[in-house]
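Close look at the chain arrangement
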Amino acid sequence: MKKSSTPVQEPPGGAVHRPTTPPAWQPRTDPAPLLPDPEPYRVLGTDAAAGADPALLLRLYTELVRGRRYNTQATALTRQGRLAVYPSSTGQEACQVAAALVLRERDWLFPSYRDTLAAVVRGLDPVQALTLLRGDWHTGYDPHEHRIAPLSTPLATQLPHAVGLARAAQLKGDDVVTLALVGDGGTSEGDFHEALNFAAVWRAPVVFLVQNNGFAISVPLDKQSAAPSLAHKAVGYGMPGRLVDGNDAVAVHTVLGEAMARAGRGEGPTLVEAVTYRIDAHTNADDATRYRRDAEVETWRAHDPIRLLEHELTRRGVLDESGIRTAAEAAETLATRLRERMNTEPPLDPMDLFGHVYAEQTSQLREQAELLRAELDAAGEGPGEER
C-alpha cells in the first residue's frame with residue numbers, strides 16, 4: 001500500500017494526540033511460568049522411570065487392573081438391565097486411579113458422571129458408586145463420610161462447588177485441598193470458566209483435572225476449542241497449566257501430586273490436562289462408530305495404560321507372571337461381588353420421593369404424598385413389594 005503523503009493536521013492550539021501505554025499498566029502476572037510444557041509430561045519409557053517408587057508402581061498397576069475389570073463388569077450390567085446407563089472410563093483408568101491415590105483422607109474429590117472408578121479407588125463401595133446410574137434414589141452414598149461430592153451428570157457444575165468448598169476451608173484455616181475432575185467437553189461450559197476465575201482470584205486450594213479423551217460425545221476437540229491445548233486456558237485466569245500423558249499413570253500421579261502439594265502450601269490452583277482416550281463409546285446408548293474410525297481406536301489401544309505400566313514393572317523385575325495373575329484374580333473377585341450384589345433388587349419405598357425435597361414439606365408436597373399413599377394402600381402395595 002502506498003504511504004500517504006498528506007501531512008497530519010494539528011488541531012488548533014495543540015499538538016497531535018499520540019496514544020501511549022497507560023503509565024500505571026503492568027502485567028498482573030508473569031505468563032511465562034504459567035505456560036504448560038510443549039509436550040505432555042511422561043515418566044514411563046523415559047529416564048525418570050528409574051526413580052519411580054516400585055511400591056507406588058505396583059499399587060497403580062493393581063488398581064488399573066481392578067479398574068478395567070470394574071468398567072467391563074459395569075458395562076455388562078447395562079446390557080442385563082441392571083444399570084440404566086454407564087459411562088465407561090476404559091482407556092483412561094490411569095487418570096481415575098492417580099486422582100484417587102493423590103488425595104489425603106481429609107481432601108475432597110469432586111467427580112463427574114464418568115468418574116465412578118475414581119470414587120471406588122477412593123474407597124467408596126462399588127454398588128454405592130453405581131446407585132445413581134441404576135436409577136435408585138439420590139447419590140447412593142454420604143458425601144461427607146467419604147469426602148466425595150455427588151457424581152455430577154450436568155457438565156462442569158461440580159467445579160464451582162469444588163472452588164466453594166476449597167474457599168471455605170481456606171477461610172476456616174482447614175488443611176483441605178479439593179480435586180475436581182471434568183472432561184474436555186466440560187471446558188466449553190460457563191461453569192468451567194467461572195470456577196477457574198474465582199479459584200485463581202482467591203488462590204483457593206483446588207486442582208482441576210481435565211481428562212481430555214478426545215470427544216464430547218461425538219464432538220471432537222477441534223470443534224470445541226482453538227486453544228493450543230486445554231492446559232493453556234489456565235494462563236488467562238492466572239494459574240499454571242500442566243500437560244500430562246493421561247495414559248501414563250505414574251506421570252499423572254506425579255503432576256497431580258505436585259499440584260495438590262502446591263495448593264496445600266497456599267500457592268493457589270492448578271489446571272492439569274491429561275491427554276487420554278475413551279476406548280468404549282460415550283455410554284452404552286452411544287454408537288461411536290458413527291464419528292470415529294476403528295484405526296484411531298486401535299492406535300490408542302497400543303498406548304494402553306495397563307500395558308505401559310506392566311511393561312515397566314516386568315522390565316524392572318518388580319512384576320512377574322505370578323503377580324499378573326494375582327492382580328487379575330483380585331479384579332475378578334471385585335467383579336463377581338459386584339455382579340452378585342447388583343443382581344439383587346433393592347427394596348424401594350415410593351414415599352422416599354417426598355422425603356428429601358424440602359426441610360419442611362410444602363402443602364402441595366404433603367397433598368401429593370397423601371394421594372400416593374392412598375393409591376398404594378388401595379392397591380395393597382407397600383414399600384419394597386413387587387408391582
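Everything that follows concerns the structure shown earlier in this document.
Presented here is an overview of the structure given in this document. Numbering of residues starts from 1 in every chain and runs along the sequence as written. In keeping with the model being predicted, local features are shown solely for residues with a pLDDT of at least 70 and side-chain atom pairs are shown and tallied solely at 80 or more, while totals for entire chains, interfaces and linings include all residues. To obtain the side-chain values, all non-hydrogen atoms of the structure were used and water was disregarded.

**Comments concerning the pairing of strand β2 (residues 178-183)**
Of all six residues making up β2, five are buried, and the element is well covered by its neighbours. At least two DSSP bridges between two strands are needed for those strands to be called paired. For the purposes of this entry, the term helix denotes a DSSP run of H or I that reaches at least four residues, the term strand denotes a run of E that reaches at least two, and both are numbered from the N terminus. Here β2 pairs with strand β3 (residues 206-212) via six bridges, running parallel. Looking at the pairing, V182 lines up with V210 of β3. Seen with the strands pointing away from the viewer, any crossover whose path from the first strand over the helix to the second strand runs clockwise is right-handed. Tracing the backbone out of β2, into helix α7 (residues 190-202) and back to the parallel element β3 gives a crossover that is right-handed. Throughout this description, buried means an accessible area under 20% of the type-specific maximum (1.4 Å probe, protein chains only), exposed means over 50%, and partly exposed covers the range between.

**Overview of the sheet that holds strand β7 (residues 270-275)**
Strand order in the open sheet made by the five strands is β1-β2-β3-β7-β6, with parallel pairing throughout. The sheet terminates laterally at β1 (108-110) and β6 (241-245), the two strands that pair on one side only. Ignoring which end each strand starts from, the neighbouring axes of this sheet average 20 degrees apart. As paired elements, β1 and β2 share three bridges and run parallel to each other. Within β2, the residue paired with F110 across the bridge is A180. Only heavy atoms matter for contacts: two residues are in contact if any of them lie within 4.5 Å across the pair. All axes here are fitted lines through C-alpha atoms, helices being fitted over the stretch that makes contact, and every angle between N-to-C directions spans 0 to 180 degrees. The strands touched by helix α2 (residues 93-101) within the sheet are β2, β3 and β7, with β3 carrying the most contacts at an inclination of about 165 degrees. The strands touched by helix α6 (residues 158-172) within the sheet are β1, β2 and β3, with β2 carrying the most contacts at an inclination of about 170 degrees.

**Regarding the pattern of salt bridges**
When the charged atoms of two side chains lie near each other, side chains of opposite charge can form a pair. We count a salt bridge whenever a side-chain nitrogen from Lys or Arg sits within 4 Å of a carboxyl oxygen from Asp or Glu. Considering all chains together, one arrives at 18 salt bridges under this definition. For E63, the salt bridge is made with R59, and the minimal N-O distance between the two is 3.4 Å. With E63 and R59 both in helix α1 (residues 54-79) and four residues apart, the pair spans about one turn of that helix. The class for E63 is buried, based on a relative accessible area of 10%. Among the ionic pairs, D125 bridges to R341, the shortest N-O distance being 2.8 Å. Placement of D125 in the loop between α3 (116-122) and α4 (126-130) and of R341 in helix α11 (residues 321-342) is noted, with a sequence separation of 216 residues between them. The exposure class of D125 is partly exposed, given its relative accessible area of 22%. Judged by its relative accessible area of 42%, R341 is partly exposed. Salt bridges sharing common partners tie together R104, R106, D107 and D175.

**As for the environment of H253**
Turning to its location among the elements, H253 is positioned in helix α8 (residues 249-264). Along the backbone, H253 and L56 are 197 residues apart, and their C-alpha atoms lie at a distance of 9.5 Å. Those residues in contact with H253 that lie beyond four places of it in its chain are L56, L60, A98, L101 and V102.

**Describing the packing of α1 against α8**
Following both chains from N to C, one finds α1 and α8 inclined at 115 degrees, their axes separated by 10 Å at the closest point. Overall, the two elements α1 and α8 adopt an arrangement that is roughly perpendicular. Judged by the twist between their axes, the crossing of α1 over α8 is right-handed. In contact with L56, L57, L60 and L64 of α1, α8 contributes A249, V250 and H253. Here the angle decides the label: under 35 degrees means roughly parallel, over 145 means roughly antiparallel, 65 to 115 means roughly perpendicular, and every other value means oblique. Crossing handedness is defined as follows: a turn of the near helix away from the far one that is anticlockwise and smaller than a right angle gives a left-handed crossing, while the clockwise case is right-handed.

**Considering helix α10 (residues 305-315)**
Every buried residue belonging to α10 is among P305, I306, L309, E312 and L313, and all of these are buried. The arc enclosing the buried residues of α10, seen along the axis, measures out at 135 degrees, which places them on a common side. Opposite the packed face of α10, turned more than 90 degrees from it, sit the exposed residues H311 and R315. Turning to α10, the residues buried within the fold contact α1, α2 and α8. N-cap assignment for α10: the residue whose side-chain oxygen lies 2.9 Å from the backbone N of I306 is D304. Looking at the residues trailing α10, positive phi occurs at G317, about 75 degrees. Directions from the helix axis toward the C-beta atoms define the arc. We define a polar contact as two N or O atoms separated by no more than 3.5 Å, with the added condition that, inside protein, one atom must be a possible hydrogen donor and the other a possible acceptor, whereas residues neighbouring each other in sequence contribute only through side-chain atom pairs.

**Thoughts on unusual backbone geometry**
With phi around 50 degrees, R203 is a residue other than glycine that occupies positive phi space. Its place among the elements puts R203 in the loop between α7 and β3. Located in the positive-phi region is I217, a residue other than glycine, with phi close to 55 degrees. Tracing the backbone through its elements, the reader meets I217 in the loop between β4 (215-216) and β5 (219-220). On the accessibility criterion, I217 (42% relative accessible area) is partly exposed.

By themselves, these observations are geometric and do not establish any function.
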